[in-house]
Structures are given as C-alpha cells and as structure tokens.
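Results of the structural survey
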Amino acid sequence: MQPDTELTSDLIELDGVSFARGDHVIYDNVSLNIPKGKITAIMGPSGTGKTTLLRLIGGQLKPHKGSIWYNLSETERVDISQLNRSKLFNLRERMSMLFQNGALFTGMSILDNVIYPLKEHTKLPEDLLKTLAIMKLETVGLRGAADKMPAQLSGGMARRAALARAIALDPELIMYDEPFTGQDPITLAVLLKLIKRLNETLGITSIIVSHDVEEVLSIADYVYIIANTKILASGTSEEIKTNKNPNVYQFIHGLPDGSVPFHYPARDYFEDL
C-alpha cells in the first residue's frame, strides 16, 4: 500500500476487498480506484453486488478483508471500514447517495426534503436553510414544485427532487444506485444531462451503478465491469465497448445467449419429458 504522503488523483481506493454473505462470496480480493472529479460507472449482471459496493464505500457494510481508503486531502486518508460511528457520521457529510427509489420522505414537502440534510448537519438559521434548498431545487429545475408533496410528482420529478436533496450539502462524492430505472426516454435524458453538468460544474466525484449500458457509457469517464466476485474489465467507455472478453461483450451488447447461457443448467430435456 502506498504511503499516506504520496499524492493521489483518486478519492476512493479499494485495496484487496473481500466480502461475503454467509457462504455466498460477493467480492474476492477486489481492488479498484475512484478518480476525483470524474464519473465512474460500476456495471455487471444482476446479483453481482454492485449496490453492495456502494454500501461498503458508505460504511453501511464492512469488508471481511481489505481496506477502503477515503482520501481526505493530498496527504491524509482514512480507512472507512475502521471508522467508529462518530467519525463515520462526520465523513458522510462529504458523501451523498441517490437511492434507487428516491427515498423521499412522503410526509414532507419537496422543499422540506431538501432542507432535511442541511438541518441535520449544520446549525444555519431557518431562512438560510430555505434559501439554500431553493437554490438546489432550481439546479434540478424543480423550484416551482417546492411546496408539493412527493406523491404529487411524477417518477422523473421525484428522482430529480431526490437529486436536489443529495447535493444539498455540496458533497465531494455522490453515489447513484440505478438512477434511471423506470424512467421514460425524456426523463432519462434529463437525468443524464444533470449528472454530467453537476459533475463538471461542481467538481463532484460520481459513482453510478446501472444496467443502462448505452446511456451510462455516454457520460462515464471510467467503467468497471464486475462479475463472479471479480473485476472482469475496466477502462474508458471506448475501451469497454471494444473489449473482446466474451462475458463483457455479451453484457455490453445485451446478447440473450453467450458465455452466460440463456438456459439454466438442467438434466437432459428429453429425460424430463
């Protein structure tokens, strides 16, 4: 492992991480880096532990082996997996998560949803909290919906409201868990544009877990393909598109049959008949 005094362009470094649920191994000695100020995509077949990776980075889960380093500055870093509850709470002020379902508080207005993390983590006066929240809603195009309740919003608008809440504290890192699931083409295009714009204008580091291959590759600076407890491939979007690994090729091009077979292993067909 490199000494803490060495300069790095990465915000997150996973070093030899292993994690299992019971006898089911999800990660086996995985190492990867998340570069600062870039969009990194984590992709792969269903059930390979992509959301688990976000939970490991967020400190909700602890690896059984290995370290997860968060680089606080050019010369200081912490192992997320070793932090106590208080220090982890403080570190999470630098992070944010956009959950798959948005996870808005249904009993609060959209404005109050965005104010909530500001109120939890700062001691700012109420009028300033409101002003900051309105600014975040303006960023995602929902200032006019500030007084609405989550149930009054469409799925796409709710996802944008959740994004406004995710950027409320101006985090260094935003983790997106399947942000495009169930979205129509127009909403999906809006979300892609928002994520890219936030990344460029605010210098945010973004990690996106998604199955929307074509869309994610259009904005990702770097991509990891995960399968069978390992990193199957990594590289820029163009490098991933031209990767000749049969598993990667099948996933990227959405082929129904290939190295991952369409038919689940079974006895001879005619024997069952």
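What you see is a predicted model; the values in this text were computed from it and never measured.

Spatial strand order, β6-β7-β8-β3-β9-β10: six strands in an open sheet with mixed pairing. Single-partner strands in this sheet number two, and they are β6 (95-98) and β10 (230-235). Going across the sheet, the axis of each strand differs from the next one's by a mean of 15°, ignoring polarity. Where strand β3 (residues 39-43) lies against strand β9 (residues 222-227), four bridges are found, and the strand directions are parallel. Looking at the pairing, T40 lines up with Y222 of β9. Helix α5 (residues 155-166) rests against β6 and β7 (173-177) of the sheet, and its axis sits at about 170° to β6.

This paragraph deals with the nonpolar core. Of all hydrophobic cores here, the largest spans 48 residues; its most connected members are M43 and I225. When neighbours within four sequence positions are excluded, I225 is seen to be in contact with M43, K230, I231, L232, A233, I240, V248, F251 and I252. Formed by 31 residues, the second largest nonpolar core is a distinct cluster that contains L14, V30, L32 and M175.

Attention now goes to the environment of K193. Locating K193 in the fold gives a position in helix α6 (residues 185-202). Measuring from C-alpha to C-alpha, the distance between K193 and L128 comes to 28 Å, with 65 residues separating the pair along the chain.

Across the seven residues that make up strand β4 (residues 65-71), a large majority, five, are buried. Both strand β1 (residues 10-21) and β4 contribute to a ladder of five bridges, which runs antiparallel. Across the sheet, the residue bridging to I12 is Y70, located in β4. Note: β4 against strand β5 (residues 77-79), three bridges, orientation antiparallel. Among the inter-strand pairings, W69 is bridged to a residue of β5, identified as D79. A loop of five residues connects β4 with β5, the two strands running antiparallel in sequence.

This part covers the layout of surface pockets. What the largest pocket holds in volume is close to 650 Å³. Around the largest pocket, the lining comprises 20 residues; the ones closest to its centre are R92, M95, S96, M97 and F99. At the level of secondary structure, the elements contributing two or more residues to the lining of the largest pocket comprise β6, α3 (110-121) and α5. Broken down by element, the lining of the largest pocket gets its largest block of residues, four residues, from α3. Counted by class, the lining of the largest pocket contains 13 nonpolar, four polar and three charged residues.

With the rule as written, the count across this model stands at two aromatic pairs. Residues Y222 and Y224 carry aromatic rings whose centres are separated by 5.3 Å and whose planes lie at 65° to one another, so their mutual orientation is edge-to-face. One Lys or Arg, R77, reaches over the ring of W69 and ends 4.0 Å from the middle of that ring. Across from the ring centre of F105, 5.3 Å away, lies the NZ or CZ of R165, which sits over that ring.

On to the pattern of salt bridges. In the structure shown here, the tally under the stated rule is eight salt bridges. Measuring nitrogen to oxygen at the nearest pair gives 4.0 Å for the salt bridge that ties E13 to R77. Remark: R77 occurs in strand β5 and E13 occurs in strand β1; sequence separation between them is 64 residues. Of the two residues, E13 and R77, neither departs from the other in class, the shared state being buried. Between E172 and R94 there is a salt bridge, with the nearest N and O atoms lying 3.0 Å from each other. You can see E172 sitting in the loop between α5 and β7 and its partner R94 sitting in the loop between α2 (85-91) and β6, a full 78 residues away along the chain.

Rules and cut-offs
- Residues numbered from 1 in each chain as written.
- Predicted model: local features only at pLDDT ≥ 70, side-chain atom pairs only at ≥ 80, totals over all residues.
- Heavy atoms only, no water.
- Pairing = 2+ DSSP bridges.
- Helix = DSSP H or I, 4+ residues; strand = E, 2+ residues; numbered from the N terminus.
- Axes fitted to C-alpha atoms, helices over the stretch in contact; angles between N-to-C directions.
- Contact = heavy atoms within 4.5 Å.
- Core = buried A, V, L, I, M, F, W, Y, C linked by side-chain atoms within 4.5 Å.
- Buried < 20%, exposed > 50% of the residue type's maximum accessible area, 1.4 Å probe, protein only.
- 1 Å grid on protein atoms, 1.4 Å probe; cavity = no way out; pocket = protein on both sides within 12 Å on 5 of 7 lines; lining within 4 Å.
- Points joined across faces, edges and corners; volume = space filled by probe spheres on them.
- Nonpolar A, V, L, I, M, F, W, Y, C, P; charged D, E, K, R; others polar.
- Phe/Tyr/Trp six-rings, centres within 6.5 Å; stacked < 30°, edge-to-face > 60°.
- Lys NZ or Arg CZ within 6 Å of the ring centre and 35° of its normal.
- Salt bridge = Lys/Arg side-chain N within 4 Å of Asp/Glu carboxyl O.

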